[in-house]
Amino acid sequence: MFDRLFDDTFGRMDGVVDRKSGDQLLKHVKDLYGLSHVAYICINLPTTEAGSVYFQGTYSDSWVKYYKSHKLALVDPVAREGLSSILPLDWDFLRKWHSERNYVFDEGRNHGVGKRGLSFPIRGVHGEIAVFSISADVTEKEWEFMRRMLVRDMQVFSAHFHHQILKFAGADTFKLVQKLSMREVDCLNYVAAGLTLPAAAERMKITERTVRFHLENARVKLDCLTTSQAVAKAVGLGIVIPG
């Protein structure tokens, strides 16, 4: 099921060419995956004024207005952890780590944000910082089922969506990409096609350790934090073709 949803959504990513199409894509992700909301926020987006905040999402106007007027960004665990973390953030864990600030989550639920969520920090090559968040109003058991696939899919979507935002904002990421070796491109292609590292190694007739070495080199050259982000960026730049 989730593979079909992934293919459907990923195929629409290149269609994000402006704010309107970005809104449409976020709404599509929300509806297709049965989520309550999807949101993207970026600080210091290239070609904008220093310190500026760029936001797109499906949240209600009332929640956005309430969030801004009460300056919740200063205390919101998602915002604070998202600015310093590099790993996906599960809101259930944030509730435990920042119990004194659970009122932010409670206010969000009152505005229809959803009971549970995941946020994906993004560190950009231009110095920008972004966070891609999803939320769902589901039970703990339902969340356990959804979470693993959502982490896999949304980690890729978040990196690719950020790349599309950079493109229509006028930031030239192509100049920042160092030349990848053929082996590095091959490894990225196999991972993008869904092969495991052992399977990729067998296909290329090299060791799994060597595959990891090439992927790590590619990750560094593409200036990404994770292999998933490197694959998403390589696809977005047309370096590899998924499928």
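As a starting point, this report considers the structure included with it. (Residues numbered from 1 in each chain as written. Predicted model: local features only at pLDDT ≥ 70, side-chain atom pairs only at ≥ 80, totals over all residues. Heavy atoms only, no water.)

As a further point, take the packing of helix α9 (residues 197–204) against helix α10 (residues 208–221). Direction vectors running N to C along α9 and α10 enclose 100°, while the axes themselves pass 8 Å from each other. What the angle tells us is that α9 and α10 run roughly perpendicular. Packed against α9, whose contacting residues are Leu197, Pro198, Ala200 and Ala201, the element α10 presents Glu208, Val211, Arg212 and Leu215 at the interface. Of the residues contributing to the contact of α9 with α10, the split by class is 6 nonpolar, no polar and 2 charged. (Axes fitted to C-alpha atoms, helices over the stretch in contact; angles between N-to-C directions. Helix = DSSP H or I, 4+ residues; strand = E, 2+ residues; numbered from the N terminus. Parallel < 35°, antiparallel > 145°, perpendicular 65-115°, else oblique. Contact = heavy atoms within 4.5 Å. Nonpolar A, V, L, I, M, F, W, Y, C, P; charged D, E, K, R; others polar.)

Side-chain alternation along strand β2 (residues 53–57) places Tyr54 and Gln56 on a buried face and Val53, Phe55 and Gly57 on a face that remains uncovered. Inspection of the sheet shows strand β1 (residues 37–43) paired to β2 by 5 bridges, in the antiparallel sense. Looking at β2, one finds that Ile41 is bridged to Phe55. (Buried < 20%, exposed > 50% of the residue type's maximum accessible area, 1.4 Å probe, protein only. Pairing = 2+ DSSP bridges.)

Across the sheet, which stays open at both edges, the 5 strands sit in the order β2-β1-β5-β4-β3 with antiparallel pairing between neighbours. Since the sheet does not close on itself, it has two edges, and those belong to β2 and β3 (89–90), each with one partner. Pairing geometry for strand β4 (residues 116–123) and strand β5 (residues 129–136), over 8 bridges, is antiparallel. Paired with Leu118 across the two strands is Ile134, which belongs to β5.

Across all of its chains, the model carries 2 cavities of 30 Å³ or more by this definition. Mapped by element, the contributors of at least two residues to the lining of the second largest cavity are β4 and α7 (140–169). Its residues assigned to classes, the lining of the second largest cavity shows 5 nonpolar, 3 polar and no charged. (1 Å grid on protein atoms, 1.4 Å probe; cavity = no way out; pocket = protein on both sides within 12 Å on 5 of 7 lines; lining within 4 Å. Points joined across faces, edges and corners; volume = space filled by probe spheres on them.)

The principal kink in α7, of about 40°, is found at Met146. One or two positions beyond α7, positive phi appears at Gly170, with a value near 95°. (Bend = angle between axes of the 7 residues up to and from the residue.)

Our focus in this paragraph is the nonpolar core. Across soluble globular proteins, nonpolar side chains show a tendency to be buried alongside one another. Counting residues in each nonpolar core, the largest one holds 55 residues, and the members touching the most others are Tyr33, Leu35, Phe132, Leu150, Met154, Phe161 and Leu188. Tallying contributions element by element places α7 first for this core, with 12 residues. Once you skip the residues sitting within four places of it in the chain, Leu188 turns out to touch Leu180, Leu215, Ala218, Leu222, Ala230, Val231, Ala234 and Val240. Among the nonpolar cores identified, the runner-up in size contains 12 residues, and Tyr59, Val64, Leu72 and Leu94 belong to it. (Core = buried A, V, L, I, M, F, W, Y, C linked by side-chain atoms within 4.5 Å.)

Our focus in this paragraph is the packing of helix α8 (residues 182–192) against helix α11 (residues 227–236). Packing of α8 against α11 brings their axes to within 10 Å, and their N-to-C directions diverge by 100°. Taken together, the axis directions place α8 and α11 in an arrangement best described as roughly perpendicular. When α8 is examined against α11, the residues Leu188, Val191 and Ala192 are found in contact with a partner set consisting of Ala230, Val231, Ala234 and Val235. Looking at the contact of α8 with α11 residue by residue, the class counts come to 7 nonpolar, no polar and no charged.

Further remarks concern unusual backbone geometry. Its identity is not glycine, yet Asn44 carries a phi of approximately 65°, on the positive side. Relative to the helices and strands, Asn44 is located in the loop between β1 and β2. Since its relative accessible area comes to 32%, Asn44 is described here as partly exposed. The backbone of Lys71 shows a phi angle near 50°, a positive value even though the residue is not glycine. By the secondary structure assignment, Lys71 is in the loop between α3 (61–69) and α4 (77–82).

Interpretation in functional terms is not warranted from these geometric data alone.
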